[in-house]
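Structural overview for review
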Amino acid sequence: MKIDLEARSQEKFGRPLAELDDTTICTMLEDIVREHAATMPLNEGKRRLYYLSAEFLIGRLLTNNLIELGVYDDVKAQLAAAGHDLGAVEEREVEPSLGNGGLGRLAACFLDSIATLGLPGDGVGLNYHYGLFHQRFVDLQQAAEPDGWLDRQDWLVKDEKAYTVEFGGFTVKSRLYDIDVLGYGRTTKNRLRLFDLESVDDSLVPVNSIDFDKGELAKNLTLFLYPDDSDDAGRLLRVYQEYFMVSNAAQLILDEAVERGSNLHDLPDYAVVQINDTHPSMVIPELVRLLVDVHGFEFDEAVSVVRRMVAYTNHTILAEALEKWPLESLKTVAPRIAEIVVKLDELERAENGSNDAVAIVRDGVVHMAHMAIHYGFSINGVAALHTKILEDTELHPFYELYPEKFSNKTNGITFRRWIMDANPALSGVLDDVLGTDWRTSCDLSGLLAFKDDDAVLARLDDAKSEAKAGMREFLWETQGVRIPEDAIIDVQVKRIHEYKRQQMLALYIIWKYLDIKNGNIPARPLTIIFGGKAAPAYTIAQDIIHLILLLSRWIAADPVVSPHLQVVMIENYNVSAAERVIPAADISEQISLASKEASGTSNMKFMLNGAVTLCTLDGANVEIADLVGDENIYTFGTSSKEVERLYAEHAYDAHAHYLRPGVKLLVDFIANPAFLALGNAERLHRLHDDMAWKDWFMALLDIEEYIQKKEQVLADYENRDAWRKKSLVNIAKAGAFSSDRTIRQYNEDIWHL
Ligand code: Z15
């Protein structure tokens, strides 16, 4: 692809490139990429993958697409010659935030890898008019503002496909929009296909709890993304959204299969559907419905076709995230789907001897995951430990029924975005040391040979400094905070959730604050950076944000402590912020209660960018620890087995742990009189009491070992030479977590494209 920006500028605006502003240049570049992508052919293949997901957290696309097309450096140079900075231009793009967190970002990384491997596979989801809310901090608390991204976006292309979706009592017309998905160095493409209503009433402000009447509902199905992560809002509107998504998806799948020559009886030869968590699981009864009601299949044959084409990924063991809909809700939303679900339940009971433990419908409640496991041909977890827990405990009765359906697919991250795009300094060093093959192979193991090479270690260190400088600039410009140049950067960025235990890091901060007050002055400044949004309805998570913001302000105002300890909570943490912060980190905080984080994916991004992990043996941390070896990671905390035992036997006594003197001091600090005066007393009391009496995710069980480990990490950081080696080993081993690897495994074991 050849780009001549000067010519384009003259042609479009009758002005030289030098005179355009950054926003105009940004749109111009987006137009160029979009127009070029439109001419690229689709990846072909008889069998096509449909990756169904309620969320695709794609982030900004311009830089990514310029890299995929191999024109990034050229564009940068042309802009520089005209006095422009591509970095500043990139900042003008609005980020499509069509996801909450890990699950949505995983889907985006997967699309990138599917396209890069040249596999025929599209993402299918919803075109939310308001993405995840924009987070602001007001009075040391989270405020949520609508994120109306649509009127400023430049990537969506209207597709000619449009369908009708019938709900109980009303019918809507849909409209499909596509975003082209390019692969690295590829001349063919895939698409992200986002369904929308033909017309949406944007005048309504998105809120989480509108009791729409049917008329309003029909106009607002795609108005907003539910702001819940690893949690289930349990709202009727969500069921409407899900059915709208899967009905459109199912119609699209049948349509395209027929276009490619299917007679529908052979549909599994033409299409495979991966359902990302249970949110799209109603695609199962919907496909059955279409085959029976529209295409005249017998029920049994329809079921047998669907059984061979749907696969399910489980992303959590948290009970509150496993969708269970009242059958009455399904009857209201889509009566025919409710009917089919009941038939699927009866069929399953007949086949498996009516075991309530694995039933689809039980006490008037539909268990979506159960339906996906019975009627899908594959179920996978997202990290080795997570899959083991599914097989051994959470889904054990299903594992006994269908051991052959179960497999593990450890998550991965796309190297295009998370190193090539986010960390050009480190990428450049790797090019010089290893050659550029790693950019396609994602194999960085060659780096191990340089473990004792001073020059290479120094260059990696320089790259880290450059990334830190970029982050400091970003935090200054967007958050108005200054970070000491020599500070250790310690980062926990992810959704705010009790099981992820941001509150435990807050307790460490309190401990460190008191320790410095006691005269123990650290060798160098420590900057602890948080970022993350909390679901607006999740009260304790809001309280945790409040505590962090309060600590941040309190410490900044303390002349004794502030030169040594700094707490930063990034406002509106999103994909773009992640790209600035992760490359700069020294320490990666992955401190969830063992067994609760299915995989985690930021852990992989930090490792790839040379951070050393401080973690519990949870999710994919276990695999990171196995790869890098004991001397290159810091692990602590109660094991997942022991945690499971404590829950099973109701044996965790939070209050007993609270009463230990060293612990009580820290927890009580949350509600000290100065804090109560400065902050929101209700929030602080609630958080204090929750930790002192409930502590459902056992922060007080692990806090002392955590403090010890952290102090050891900080001491070890001072042995600069040893630390650089740890960092190098982490980068060298990160190839295992390329999402290209993950997607190859999905394809070899499940999709067979
Ligand atoms: C979500 O982001 C995840 C799981 C869920 O069930 C929902 Cl609803 C949202 C996350 C997991 O918490 C995280 O551990 C995992 O890495 C990610 O999905 C991708 O698999």
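Residues numbered from 1 in each chain as written. Predicted model: local features only at pLDDT ≥ 70, side-chain atom pairs only at ≥ 80, totals over all residues.

With that out of the way, let us pick up the sheet that holds strand β12 (residues 361-362). Strands sit in the order β11-β13-β12 across an open sheet of three strands; the sheet is antiparallel. Because the sheet does not close on itself, it has two edges, and the strands there are β11 (324-326) and β12. Along the sheet, helix α13 (residues 368-375) makes contact with β11 and β13 (365-367), crossing β13 at roughly 45°. (Pairing = 2+ DSSP bridges. Helix = DSSP H or I, 4+ residues; strand = E, 2+ residues; numbered from the N terminus. Contact = placed C-beta atoms within 7 Å. Axes fitted to C-alpha atoms, helices over the stretch in contact; angles between N-to-C directions.)

On the secondary structure map, Glu711 appears in helix α30 (residues 699-717). When the 16 C-beta atoms within 10 Å are taken as the criterion, Glu711 is described as partly exposed. Taking the C-alpha atoms as reference points, Glu711 and Asn680, separated by 31 residues in sequence, lie 31 Å from one another. (Buried ≥ 20, exposed ≤ 12 C-beta atoms within 10 Å, placed from the backbone.)

Near the ligand there are 19 residues, and of these Gly102, Leu103, His315, Thr316 and Ser599 occur at the shortest range. Residue composition of the shell around the ligand, grouped by class: five nonpolar, eleven polar and three charged. Two domains share the shell around the ligand, each providing at least three of its residues, namely domain 1 (40-60 + 95-409) and domain 2 (421-741). (Near = placed C-beta within 6 Å. Nonpolar A, V, L, I, M, F, W, Y, C, P; charged D, E, K, R; others polar. Domains from an automatic or database assignment.)

This part is about the pairing of strand β7 (residues 170-182). Taken together, the two bridges between strand β5 (residues 157-158) and β7 define a ladder with antiparallel strand orientation. The partner of Val157 across the bridge, within β7, is Asp178. Looking at chain direction, strand β6 (residues 164-167) and β7 are connected through four bridges and run antiparallel. The residue of β7 that forms the bridge with Val165 is Val172. In textbook terms, the turn of a hairpin is the stretch between consecutive antiparallel strands, and for β6 and β7 this stretch comprises two residues, one of which, Gly169, has a positive phi near 95°. Bridge count for β7 against strand β8 (residues 189-197) is nine bridges, and the pairing is antiparallel.

Side chains that are nonpolar tend, in soluble globular proteins, to be buried together. In this structure, Ala249, Val273, Val283, Ile284, Val341, Ile548 and Val581 are the most contacted members of the largest nonpolar core, which totals 233 residues. Broken down by element, this core gets its largest block of residues, 13 residues, from helix α8 (residues 236-259). Not counting the four nearest positions on each side in its chain, Val273 is found in contact with Tyr50, Leu52, Ile253, Val283, Met309, Val310 and Ala311. (Core = buried A, V, L, I, M, F, W, Y, C linked by C-beta atoms within 7 Å.)

For an interface, size is often stated in terms of accessible area lost upon the parts coming together. In terms of domains, the protein chain is made up of domain 1 (40-60 + 95-409) and domain 2 (421-741). Residue-level contacts link 45 residues of domain 1 with 37 residues of domain 2. Contributions of two or more residues to the side of domain 1 that touches domain 2 are made by α6 (102-116), β3 (134-138), β4 (141-145) and α14 (384-394). Residues of the side of domain 1 that touches domain 2, tallied by class, amount to 18 nonpolar, 19 polar and eight charged.

One open sheet holds the six strands; their spatial order is β18-β17-β16-β19-β20-β21, and the pairing between them is parallel. Edge positions in the sheet fall to β18 (565-570) and β21 (634-635), since each has one partner strand and no second. Of the strand pairs in this sheet, strand β20 (residues 612-615) and β21 are connected by two bridges, and their pairing is parallel. The residue bridging Leu614 from the neighbouring strand is Tyr634, located in β21. Running at roughly 155° to β18, helix α20 (residues 502-517) makes contact with β16 (488-493), β17 (526-531), β18 and β19 (587-590) of the sheet.

Across the interface, helix α17 (residues 424-434) lies against helix α19 (residues 454-479) with an axial gap of 8 Å and an inter-helix angle of 160°. Between α17 and α19, the crossing angle belongs to the class labelled roughly antiparallel. With respect to the hand of their crossing, α17 and α19 are arranged in right-handed fashion. Taken together, the residues of α19 that come into contact with α17 (itself represented by Ala425, Leu426, Val429 and Val433) are Val456, Arg459, Leu460, Ala463, Glu466 and Ala467. (Parallel < 35°, antiparallel > 145°, perpendicular 65-115°, else oblique. Left-handed = near helix turned anticlockwise from the far one by under 90°.)

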